[in-house]
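Okay, here's what each chain looks like letter by letter:
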Amino acid sequence: MKLPEAHRAQQESWDRIADGWSEWVHHNDARKWVLDPAHLAMLGDISGKRVLDAGCGEGRFARMMADRGSLVTAIDLSSKMIEIASGIESAEPRGIDYREMDMADLSPLSDDSFDLAIAYVSLVDVPEYERAIAEIARVMRNGGRFTFSIVHPCFAPPGSTWEPRLAGRIPVRNKDKLFKKIDNYFPASEVRFRMWPTAPAETVNFHRPLCDYAHACRDAGLLIRDIVEPTPSEEVARERDYLREHFRAPFFIIFDCLKAGA
Ligand SMILES: C[S@@+](CC[C@H](N)C(=O)[O-])C[C@H]1O[C@@H](n2cnc3c(N)ncnc32)[C@H](O)[C@@H]1O
């Protein structure tokens, strides 16, 4: 697989954290209680649909879609992620076709092969995101859907933090969060961080204003038909107070796009 230099660097860093990520991601309450239900509700009935999961990681959402009856092809840039996902597939077969691939170059996949494509918080990791969106659009059939989630650029731009009600305290409970400090919406920028404090490599992702994604969709012939800013259910928030911050400043946004056709 010939990769642009920036994608090669991404591949290396995701390979290095793949083992730890595969543990960490299952303890991520925001995914489990906020983003998963919103993505699944947006998808609706997907049984029998040919689905592409672009940037599938260790495959947790690919498995959820396969469990709902869809025929999933799941790709990731990281060979280590694909190895872990394929190991789970061998142990518990669901018929998921995992492949190591760059979403900005889907040349092994034919035009019009999918009814639905999803990129679950993965486009934020792709330097050449415009090419990736165009490639995903190419492999979808006319009238097919592309749903993708990103970190919400309006409410989680670089450096945004919750101001504590009591100075010096880390605000975990909702009532300890005074307000969210937000700045630097423009310009698009690279963000470097450790996914967890002892992660063996830095993760690099990209903050981009909403218009950048909207323009890339337009240029790829995708119509944005809806957006969702997911929040936890009241019941979930009652038991997990720290998730109430999503009601005050949504951390994710999901786009629901249609391939418009000629
Ligand atoms: C934040 S993780 C999300 C994984 C998965 N969708 C999930 O939510 O569990 C981002 C994933 O995108 C993958 N990725 C980054 N750049 C990519 C690219 N150009 N093509 C395909 N996958 C890519 C990474 O290897 C990583 O597994």
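Attention here is on the structure that accompanies the text.

About the thresholds
Residues numbered from 1 in each chain as written. Predicted model: local features only at pLDDT ≥ 70, side-chain atom pairs only at ≥ 80, totals over all residues. Heavy atoms only, no water. Helix = DSSP H or I, 4+ residues; strand = E, 2+ residues; numbered from the N terminus. Rg over C-alpha atoms; globule rule 2.2 N^0.38 Å. Buried < 20%, exposed > 50% of the residue type's maximum accessible area, 1.4 Å probe, protein only. Contact = heavy atoms within 4.5 Å. Areas by Shrake-Rupley, 256 points an atom, 1.4 Å probe, with all protein chains shown as cover. Near = heavy atom within 4 Å. Polar contact = N/O pair within 3.5 Å; in protein donor to acceptor, adjacent residues only side chain to side chain. Nonpolar A, V, L, I, M, F, W, Y, C, P; charged D, E, K, R; others polar. Expected span 1.5 Å × (residues − 1). Bend = angle between axes of the 7 residues up to and from the residue.

Some remarks on the overall build of the protein
Point 1. Within the protein, the regular secondary structure consists of eight helices and eleven strands.
Point 2. A compact globule built from 262 residues should have a C-alpha radius of gyration of about 18 Å, and the protein, at 18 Å, falls within 12% of that.
Point 3. Dimensions of the protein, computed from C-alpha atoms along their principal axes, come out at roughly 55 × 40 × 40 Å.
Point 4. A buried classification covers 50% of the 262 residues belonging to the protein.
Point 5. Within the protein, residue pairs in contact and separated by at least 24 positions form 71% of the contacts whose partners lie at least 6 positions apart.
Point 6. With an accessible surface of roughly 12300 Å², the protein has 52% of that area assigned to carbon and sulfur atoms.

So, the site of the ligand
Point 1. Near the ligand lie 21 residues; those nearest to it are Arg 31, Gly 55, Asp 76, Asp 102 and Met 103.
Point 2. Here Gly 55 contributes a backbone N or O atom positioned 2.8 Å from a nitrogen atom of the ligand.
Point 3. Measuring from a nitrogen atom of the ligand, one finds a backbone N or O atom of Met 103 at 2.9 Å.
Point 4. Surface burial for the ligand is 98%, taken as the share of its 590 Å² of free accessible area covered by protein chains.
Point 5. Considered class by class, the residues forming the shell around the ligand number eleven nonpolar, five polar and five charged.

Examining helix α2 (residues 29-43)
Point 1. Its 15 residues place the ends of α2 20 Å apart at the C-alpha level, agreeing with the 21 Å of an ideal helix rising 1.5 Å per residue.
Point 2. Considering bend angle alone, the principal kink of α2 is centred on Leu 35 and spans about 40°; proline Pro 37 follows within four residues of it.
Point 3. Every buried residue of α2 is listed here: Ala 30, Arg 31, Val 34, Leu 35, Asp 36, Ala 38, His 39, Leu 40, Met 42 and Leu 43.
Point 4. A side-chain oxygen of the first residue of α2 lies 3.1 Å from the backbone nitrogen of Ala 30; this N-cap is Asn 28.
Point 5. Looking one or two residues past α2, Gly 44 carries a phi angle of roughly 65°, positive in sign.

Description of unusual backbone geometry
Point 1. Look at the link from Phe 186 to Pro 187: it is a cis peptide, with omega at -5°.
Point 2. Structurally, Pro 187 can be placed in the loop between β7 (177-181) and β8 (189-193).
Point 3. Of note, the phi angle at Val 121 is positive, near 45°, even though the residue is not glycine.
Point 4. When you line up the elements, Val 121 lands in the loop between β4 (114-120) and α5 (129-139).
Point 5. Using a relative accessible area of 11% as the deciding quantity, one classes Val 121 as buried.

Focus on the environment of Arg 141
Point 1. Note on placement: Arg 141 falls in strand β5 (residues 140-151).
Point 2. C-alpha separation for the pair Arg 141 and Trp 24, spaced 117 residues apart in sequence, amounts to 35 Å.
Point 3. Once residues within four sequence positions are removed from consideration, Arg 141 is found in contact with Arg 50, Asp 112, Phe 114, Asp 115 and Lys 259.

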